[in-house]
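Close look at the chain arrangement
Okay, here's what each chain looks like letter by letter:
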Amino acid sequence: MNAVVVIAGYGLREALRRRVFAVVVVLTIGFLFLYWLGTHYLFDHLGEVTPPPGEIDSRTLVGATVLGLGMFATLFLGVVLAIFLTLGVVRGDAESGLLQPLVVRPVGRGTVLVARLAGAASVCVPYVVLVYGAAVVITRVNGDWTPDRIVTPGLELTFGVVIVAALSLLGSVFLTTTANGIAVFMLFGAGLVAGLLGQIGDALNSHTLERIATVTAWVVPFEALYQDALHGITVNTSGFTRVALSLGPFGGAHVGGPYLGLWAAAYLALAVGLAILAFTKTDL
Amino acid sequence: MPALRVRALEKRYGRTPALAGVDVDVGEGELFGLLGPNGAGKSTLVKIACGLVRPTRGSAEICGARAGSPPARRSLGYLAELFRFPGWASADEVLELHQRLAGSSGGTAERAELLELVGLAYARDVRVEAMSKGMQQRLGIAQALVGFPPLLLLDEPTSALDPAGRRTVRTLLEELRGRGISVLLNSHLLSEVELVCDRVAILRDGRVVAAGVPDELARPRGVEIETDDGVVRLDGGREEAARAVAELVAAGRKVYRVDVRRSTLEEVYLDAVGE
């Protein structure tokens, strides 16, 4: 346990030196300012939203859409942080000579990987909770709108980010830092595109698109968690408002179901297990 | 029990053999030099010993434990040929980090002793990023010595050091021998290996092509006798020199100088690697 704490702290200080946190803090401040500005003007002009009030609940439509956007940004920033904290853990650090002095110590390679993932998670989880919480508060203050569920969507976002961190860790065993960064960002992008396809499929009633999106979301469960989180913020909304929401990009058409959490946990364990197995067999 | 015991060790990277059946023993308190041209397999041997690389066949044991196992890793210190410490850390912080990972309870006193040993006592609070390459290399040696393990694996430990730094390391290695610490020294600097090592092994194409005490490896390379009638050169060693001098004196020649020539480790090395 002591070794995990030591190595996790070491990884975080190394990230601090690389100015990862500085970049993310600047991006976050920029995002939250824009989010505040956006919600302020959107809710200020609520009466001009089409379709007009009366047919649908425009406050919910605007609130859910803009918070959905905020959740997307939160996920994206959390993923950026997670990837930058883990993309060079094995190959990158081995090539620069940082890893070898640590690995020859009697701590075990598995401990090194778990510690680095724990270090990344100890930053990403509070970060996602904080940014998501800030987005919810800003939406409440500026628009007097609160999502149907608050805690579960936040937890799903953080879980999604931890899964991306684990995938980045796994990739770092096989790929160089740059290649791994590109690969994980492309995987993340592919998941998002699949989610949007599912959204379009839902709006157009295309079962093929929906099936593609569902399969993809389960293959990369951070996307399924994100979709389920989007669904969660308007879980009690129905009628025309529900229909209007499902036509937008943040409608949360995909419902995870009762097994999503289990699958995501198993997926995370599998990714970490594979990373440890591969790392154990890697010559440095 | 030898500090390092390597038997029939083989390593292939794909189709390329790096080690093709190597046997090496490093005894307790012994300074063992590993020599060979680039690509001979020296670094691979050291990396297998410290568990960074898995052997294809054969075995390597550290103080009786399988190389790479936790007990083996507890018994060794390692300085890689290419290594880097985090630039944000001071010398003291680097050593503290490795103390915690190695489970050393030496604390501040051990860190101070290590920095003193490698001549970096003045740089305790200097950050790695502000250190010269030579200072970082000396810090690397201090890091390998954390907990004073029974076996030290040093891969080119003096490559970035100036002559004074090399001398510091030589003195340090001799002191370690006095403490009973075994050292496997992988170096290109033959003169240095010759000066400090008790035994050497020369690797070529993944095989040991010569091994032994440096003096034993050296062979007679003839005798040169300067007389009033010019320089006489003949094959052989000390016995041939004595006989030749006696014959020359008996013949009325004046002998000014007798040089019994022996091969240096460098010449032994060049013969062994075929250059």
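Throughout, residues of each chain are indexed from 1 in the direction in which the sequence is written. A letter from A marks each chain and a number from 1 marks each ligand, given out in the order of writing. Given that the model is predicted, a residue must reach a pLDDT of at least 70 before its local features are reported, and side-chain atom pairs must reach 80 or more before they are shown or counted; all residues, however, enter totals for whole chains, interfaces and linings.

1. Quick look at the overall build of chain A
In this description a helix means any DSSP run of H or I spanning at least four residues, a strand means any run of E spanning at least two, and both kinds are numbered starting from the N terminus. Secondary structure summary: chain A contains 12 helices and zero strands in total. Radius of gyration here is computed from C-alpha atoms only, and the compact-globule reference equals 2.2 Å multiplied by the residue count raised to the power 0.38. Computed over C-alpha atoms, the radius of gyration of chain A comes to 20 Å, within 12% of the 19 Å expected from 2.2 N^0.38 for 284 residues, which places it in the range of a compact globule. In chain A, which comprises 284 residues, the proportion classed as buried is 50%. Contact between two residues is assigned when their C-beta atoms, built from the backbone, lie within 7 Å. Within chain A, counting contacts between residues at least 6 apart in sequence, those at least 24 apart form 80% of the total. Neighbour counting defines burial: a residue surrounded by 20 or more other C-beta atoms within 10 Å of its own C-beta is buried, one with 12 or fewer is exposed, and intermediate counts give partly exposed, using backbone-placed C-beta atoms.

2. Quick word on the domain arrangement of chain B
Residues and elements named next belong to chain B. The assigned domain composition of chain B is domain 1 (4-216) and domain 2 (218-273). The domain limits used here are those given by an automatic or database domain assignment. One C-alpha centre belongs to domain 1, the other to domain 2; they are set 39 Å apart. Counting from both sides, the interface comprises 12 residues of domain 1 and, opposite them, seven residues of domain 2. For the side of domain 1 that touches domain 2, the secondary structure elements donating two or more residues are α7 (190-196), β9 (199-204), β10 (207-212) and α8 (214-217). Residues are grouped as follows: Ala, Val, Leu, Ile, Met, Phe, Trp, Tyr, Cys and Pro are nonpolar; Asp, Glu, Lys and Arg are charged; every other residue, Gly included, is polar. Residue composition of the side of domain 1 that touches domain 2, by class: eight nonpolar, one polar and three charged.

3. A closer look at the pairing of β10(B)
All names here are of chain B. Strands are labelled as partners when DSSP assigns at least two bridges between them. Pairing between β9 and β10: five bridges, direction antiparallel. When the bridges of β10 are listed, L203 appears paired with V208. The antiparallel pairing of β9 with β10 creates a hairpin that spans two residues between the two strands, and D205 there sits at a positive phi of about 50°.

4. Things to note about helix α7 (residues 151-174) of chain A
The first and last C-alpha atoms of α7(A) sit 36 Å apart over 24 residues, in line with the 34 Å expected at 1.5 Å per residue. Of all 24 residues in α7(A), 20 are buried, a share of seventy percent or more. Helix span, as expected, comes to 1.5 Å for every residue beyond the first.

5. Examining the interface of chain A and chain B
On the side of chain B, 22 residues touch chain A, which itself brings 20 residues to the contact. Within the residue set of the side of chain A that touches chain B, elements represented by two or more residues are α1 (2-17) and α5 (100-103) of chain A. The element that contributes the greatest number of residues to the side of chain A that touches chain B is α1(A), accounting for seven residues.

6. Things to note about the environment of Q199(A)
Tracing the chain through its elements places Q199(A) in helix α8 (residues 177-204). Between the C-alpha atom of Q199(A) and that of V215(A), which follows or precedes it by 16 residues, the distance is 14 Å.

7. Things to note about the sheet that holds strand β1 (residues 4-13) of chain B
All names here are of chain B. Spatial strand order, β2-β1-β4-β5: four strands in an open sheet with antiparallel pairing. With one partner strand each, in any of the chains shown, β2 (16-26) and β5 (65-66) form the two edges of the open sheet. Strand direction decides the pairing type here: β1 and β2, joined by eight bridges, are antiparallel. Residue pairing for β2: E10 is matched across the bridge by A20. Here an angle of 0 to 180 degrees is reported between the N-to-C directions of two axes, which are lines fitted to C-alpha atoms, with helices fitted over the stretch in contact. On top of the sheet, helix α1 (residues 42-49) reaches β1, β2 and β4 (57-62); it is set at about 115° to β1, its chief contact.

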